[in-house]
Amino acid sequence: MKKKRIAILGSTGSIGRQTLDVISAFKDEFEVIGLAAGSNAQLLAEQIKEHNPRFVSVKDSTLAQELKAILKNPSFEIFWGDIGLEFISSCSCDIVVNGLVGALGLKPTISALSHGKRVAFANKETLVIAGDLIKDLLVKNRGEIIPLDSEHVAIHQCLSGQKIDTVKRMILTASGGPFRTWDIDQIKAATKEQALKHPTWVMGQKITIDSATLMNKGLEVIEAMNLFNIDSKKIDVLIHPQSIMHSAVEFIDGNIISQLGATDMKLPIQYSLFYPERRELPFNLFCDLLSIGKLEFEKPDMEKFPCLKLAYEVASKGKSYPIVINAANEIAVDKFLKEEITFFDIPKIISRALESHSPVSTSSLEDILEVDKEVRVKILETQSSVV
Ligand code: MN3
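In this text, all values refer to a predicted model and were calculated from it rather than measured experimentally.

## A word on the overall build of the protein
Then step 1. From N to C terminus, the protein includes 18 helices and 11 strands.
Then step 2. With the C-alpha coordinates aligned to their principal axes, the bounding extent of the protein is approximately 55 × 50 × 40 Å.
Then step 3. Among the 387 residues that make up the protein, the fraction classed as buried is 56%.
Then step 4. Sequence-distant contacts, at least 24 apart, represent 68% of the contacts inside the protein between residues at least 6 apart.
Then step 5. Carbon together with sulfur atoms contributes 50% to the accessible area of the protein, which is approximately 17300 Å² in total.
Then step 6. Averaged over its 45 positive side-chain charges, the protein has a centre that lies 2 Å from the centre of its 50 negative ones.

Structural data, given as structure tokens:
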């Protein structure tokens, strides 16, 4: 059997590491061709020793030197920066796993899809800021996107064999994050450590903070809108603390199809890498419904979690607003992680950025990057004096 050739963008991040866990469990079926990482040279070196890729990319030339020094006789070609990411995303592979965080993932996605690749997609921010551009590329080239985000993998399975015009609504579930049961004043005073304690999922820092504000769910609403071509009015969010039902689709005839499974990213990753086939799960991650006992659902509280409300507003406004919400959120989360602002400054910064934005239509990569940059510069210039 011919092995599937895989390139991973963001190999040392949470998605990248778990993708390599899945690949290691199916060594006869996959071959790692390319690895792109940021600045964790030590972990990348270990991954290279184990998977022996042909192409490697790191953040900059200093890190490339560092990596060469760790691995005495490298047998791979090494690249760095934007060019490296673009090279890896268009190299001779069958599947590109995009596990990058933030708008950084946009250019490599465009490059992979322009080369007709299948992209296993965990980089939601790219679909948020460049939905139309990505949809255009999918029409023009033979590339495809298979979701890797657990909710979207759930919906992808619920829609199997169904017609999109028979969908009444999609139900995205959310764990509710660490502050689900806190009152609003407690949330306002939340610290970085408290926000990083996610109740059900183990993930990277940015997405963990996004889960605490519920911005993650807001971005996922826009992601679902673009991925499945559906109006945001037909996408509901339900808080589901057990995180066992990963999402659901209600059809016009009243039937609801949902997908359930263990709370572990290796499941959606395995689904995405093998789709449309299935393989026996090589991990002890089968879901025991008896030990879970009950599934609960709650309505999200938009006062306690204003980021979700902002995301819905942006989803219906469209134009360049999704770029603004994403850029402002990335900056605000970064500042919160550096302990420069409070937890409730995050929605404040975002809502100020949205209010002061004059919408434009963005049809090209250049347009998108220009708005993205403008928003970031404006926040960094004014923010310190306002908050
Ligand atoms: Mn998700």
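Picking up after the structure, the text goes on.
## Notes on the sheet that holds strand β3 (residues 55-58)
Hydrogen bonds between backbone atoms are what pair the strands of a sheet, whose relative direction is either parallel or antiparallel.
Then step 1. Reading across from one edge, β4-β3-β2-β1-β5-β6-β7 is the order of the 7 strands in this open sheet, with parallel pairing throughout. The sheet is open, and its two borders are formed by β4 (77-80) and β7 (144-147), each paired with just one other strand. If you compare each strand with its neighbour and ignore which way they point, the axes differ by 25° on average.
Then step 2. Across 4 bridges, the pairing between β3 and β4 is parallel. The partner of valine 56 across the bridge, within β4, is isoleucine 78.
Then step 3. Contacts from helix α4 (residues 81-89) reach β1 (4-9), β2 (30-36), β3, β4 and β5 (95-98) within the one sheet, and its direction differs from that of β3 by about 150°.

## Here's the deal with the coordination of the manganese ion
Then step 1. Summarising the metal site, the manganese ion is bound by the protein donors Asp149 (OD), Glu151 (OE) and Glu220 (OE), whose distances to it range over 2.1 to 2.2 Å.
Then step 2. Binding-site remark: the manganese ion is held by donors from one chain whose sequence spacing is D-x1-E-x68-E.
Then step 3. For aspartate 149, a relative accessible area of 8% puts it in the buried group.
Then step 4. The exposure class assigned to glutamate 151 is buried, which follows from its relative accessible area of 8%.

## Side note on the domain arrangement of the protein
Then step 1. Looking at the assigned domains, one finds that the protein contains domain 1 (4-148), domain 2 (150-263 + 271-317) and domain 3 (318-382).
Then step 2. Placing the centre of domain 1 and that of domain 3 at their C-alpha centroids yields a distance of 26 Å.
Then step 3. In this complex, domain 1 contributes 10 residues to the contact, which on the side of domain 3 involves 11 residues.
Then step 4. Taken over both partners, the interface formed by domain 1 and domain 3 buries close to 780 Å², and the fraction arising from carbon and sulfur atoms is 75%.
Then step 5. Our count for the contact surface shared by domain 1 and domain 3 stands at 0 salt bridges.
Then step 6. If you look at where domain 1 meets domain 3, you find 1 residue pair in polar contact (both at pLDDT 80 or more).
Then step 7. Looking at the side of domain 1 that touches domain 3, the elements with two or more residues in it are α5 (106-114) and α6 (124-129).
Then step 8. Looking at side-chain class alone, the side of domain 1 that touches domain 3 contains 7 nonpolar, 1 polar and 2 charged residues.

## As for the sheet that holds strand β10 (residues 245-251)
Then step 1. Taken together, the 4 strands give an open sheet; going across it, the order is β9-β8-β10-β11, and neighbouring strands pair in mixed fashion. Each end of this open sheet is capped by a strand with a single partner; those strands are β9 (235-239) and β11 (256-260). The mean inter-strand angle of the sheet, taken between neighbouring strand axes irrespective of direction, is 20°.
Then step 2. Looking at chain direction, β10 and β11 are connected through 5 bridges and run antiparallel.

## Some words on the packing of helix α1 (residues 14-25) against helix α2 (residues 41-51)
Then step 1. Contact pair α1 / α2: the axes reach a minimum separation of 12 Å and the direction vectors enclose 15°. It follows that α1 is roughly parallel to α2 by the angle criterion. In terms of crossing hand, the pair formed by α1 and α2 is left-handed. In contact with Arg17, Leu20, Ile23 and Ser24 of α1, α2 contributes Leu43, Gln47, Glu50 and His51.
Then step 2. Within the contact of α1 with α2, the residues separate by chemical class into 3 nonpolar, 3 polar and 2 charged.

## Some words on the nonpolar core
In summary, soluble globular proteins display a tendency toward joint burial of nonpolar side chains.
Then step 1. Ranked by size, the top nonpolar core spans 85 residues in total, and within it Phe343, Ile346 and Ile350 carry the most contacts.
Then step 2. With 11 residues, the top contributor of residues to this core is helix α16 (residues 321-337).
Then step 3. Sequence-distant contacts of isoleucine 346, defined by excluding residues within four places in its chain, comprise Ile209, Thr213, Cys307, Asn329, Ala332, Phe336 and Ile341.
Then step 4. Listed in part, the 37 residues of the second largest apolar core include Ile6, Phe26, Trp201 and Phe283.

## Some thoughts on the environment of isoleucine 48
Then step 1. Checked against the element boundaries, isoleucine 48 lands in helix α2.
Then step 2. With relative accessibility at 5%, the residue isoleucine 48 sits in the buried group.
Then step 3. Sequence separation of isoleucine 48 and aspartate 231 is 183 residues, and the distance between their C-alpha atoms is 43 Å.

About the thresholds
- Residues numbered from 1 in each chain as written.
- Predicted model: local features only at pLDDT ≥ 70, side-chain atom pairs only at ≥ 80, totals over all residues.
- Heavy atoms only, no water.
- Helix = DSSP H or I, 4+ residues; strand = E, 2+ residues; numbered from the N terminus.
- Buried < 20%, exposed > 50% of the residue type's maximum accessible area, 1.4 Å probe, protein only.
- Contact = heavy atoms within 4.5 Å.
- Areas by Shrake-Rupley, 256 points an atom, 1.4 Å probe, with all protein chains shown as cover.
- Lys, Arg positive; Asp, Glu negative; His and termini not counted.
- Charge placed at Lys NZ, Arg CZ, Asp CG, Glu CD.
- Pairing = 2+ DSSP bridges.
- Axes fitted to C-alpha atoms, helices over the stretch in contact; angles between N-to-C directions.
- Donors = N, O, S within 2.8 Å, 3.2 Å for Na, K, Ca; no water.
- Domains from an automatic or database assignment.
- Buried area = accessible area lost by both parts, 1.4 Å probe.
- Salt bridge = Lys/Arg side-chain N within 4 Å of Asp/Glu carboxyl O.
- Polar contact = N/O pair within 3.5 Å; in protein donor to acceptor, adjacent residues only side chain to side chain.
- Nonpolar A, V, L, I, M, F, W, Y, C, P; charged D, E, K, R; others polar.
- Parallel < 35°, antiparallel > 145°, perpendicular 65-115°, else oblique.
- Left-handed = near helix turned anticlockwise from the far one by under 90°.
- Core = buried A, V, L, I, M, F, W, Y, C linked by side-chain atoms within 4.5 Å.

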